[in-house]
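Letter by letter, the chains look like this.
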Amino acid sequence: MAVPKRRKTRSKARMRRAQNWRLEAPTFASCPQCHHPKQPHRVCPNCGYYAGRQAVPTE
Ligand SMILES: [Zn+2]
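Here goes a summary of the coordinates provided.

### Re the coordination of the zinc ion
With distances of 2.2 to 2.3 Å, the protein atoms coordinating the zinc ion are Cys31 (SG), Cys34 (SG), Cys44 (SG) and Cys47 (SG). Classification of the site at the zinc ion rests on its 4 donor atoms, whose angles at the metal span 105 to 115 degrees, yielding the label tetrahedral. Overall, the relative accessible area of 27% leaves Cys34 in the partly exposed class.

This is the structure:
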């Protein structure tokens, strides 16, 4: 197994650990049915459509 030649500096170790707690804004795509912004691979919160059919009943 490969072994690192040099110990990472405190700064570099902290830089790497700092990647994990960052929170990202969710991505949004437009609904093909009503053009309401929705998250990809989720049922549309506005019209309840998914994959071209009514997946969740709306009032
Ligand atoms: Zn929709």
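On we go from here.
### What about the environment of Ala18?
The topology assignment puts Ala18 in the loop between helix 1 (10-17) and strand 1 (29-30). Measuring from C-alpha to C-alpha, the distance between Ala18 and Pro57 comes to 42 Å, with 39 residues separating the pair along the chain.

### Observations concerning the environment of Thr58
Summarising the element assignment, Thr58 is placed in the segment after strand 4 (53-54). We classify Thr58 as partly exposed; its relative accessible area is 42%. Sequence spacing of Thr58 and His36 is 22 residues, and the spatial spacing of their C-alpha atoms is 14 Å.

Here is what the cut-offs are and how they apply
Residues numbered from 1 in each chain as written. Predicted model: local features only at pLDDT ≥ 70, side-chain atom pairs only at ≥ 80, totals over all residues. Heavy atoms only, no water. Donors = N, O, S within 2.8 Å, 3.2 Å for Na, K, Ca; no water. Tetrahedral: all angles 85-135°; square planar, octahedral: opposite > 155°, others 65-115°. Buried < 20%, exposed > 50% of the residue type's maximum accessible area, 1.4 Å probe, protein only. Helix = DSSP H or I, 4+ residues; strand = E, 2+ residues; numbered from the N terminus.

These figures come from the coordinates and say nothing about function on their own.
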